[in-house]
Amino acid sequence: MLDALSRHVTPANDPGGAPRRIAVGESSDLIIADRPLAEVLELPGDVRTFGSVIGGVVSIFR
């Protein structure tokens, strides 16, 4: 699963390039899950998402 996720962390204009880094002013997406990442990776179909920020748009799920 981590290998699959690693393919989604490169810049959109450089697929397969070096992974992006977290830095002030850079765009990013975020999800808030109901369990730690290790458990998310073990059983991704069982995860509940409480909220997300994608492209600067905040979505809250309950």
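### Concerning the environment of Gly55
Step number 1: Its place among the elements puts Gly55 in the loop between β2 (49–54) and β3 (57–60).
Step number 2: Judged by its relative accessible area of 65%, Gly55 falls in the exposed class.
Step number 3: Not counting residues within four places of it along the chain, the set of residues in contact with Gly55 comprises Ser28 and Asp29.

### Considerations on the pattern of salt bridges
Step number 1: Tallied over the entire structure, the rule returns 1 salt bridge.
Step number 2: Across the salt bridge formed by Asp34 and Arg35, the nearest N and O atoms sit 2.8 Å from each other.
Step number 3: Here Asp34 falls in the partly exposed class, since its relative accessible area comes to 28%.
Step number 4: Look at Arg35 and you get partly exposed, because its relative accessible area is 24%.

### Considering the side chain of Ser52
Step number 1: Relative to the helices and strands, Ser52 is located in strand β2.
Step number 2: Using a relative accessible area of 10% as the deciding quantity, one classes Ser52 as buried.
Step number 3: If we skip the residues at most four places from it in the chain, Ser52 touches Leu30, Ile31, Val57, Val58, Ser59 and Phe61.

Conventions adopted
- Within any chain, residue numbers begin from 1 and follow the written order of that chain's sequence.
- Where totals are concerned, whole chains, interfaces and linings use all residues; where local detail is concerned, this predicted model gives features only for residues with pLDDT of at least 70, and gives and counts side-chain atom pairs only at 80 or more.
- With hydrogens and water stripped out, all remaining heavy atoms of the structure feed into the side-chain values.
- Runs of H or I in DSSP of at least four residues are treated as helices and runs of E of at least two as strands, each being numbered from the N terminus.
- Buried means the residue's accessible area, taken with a 1.4 Å probe over protein chains only, is under 20% of the maximum for its type, while exposed means over 50%, and partly exposed covers the values in between.
- Throughout, a residue-residue contact means that at least one pair of heavy atoms, one from each residue, lies within 4.5 Å.
- A carboxyl oxygen of Asp or Glu within 4 Å of a side-chain nitrogen of Lys or Arg is what we treat as a salt bridge.

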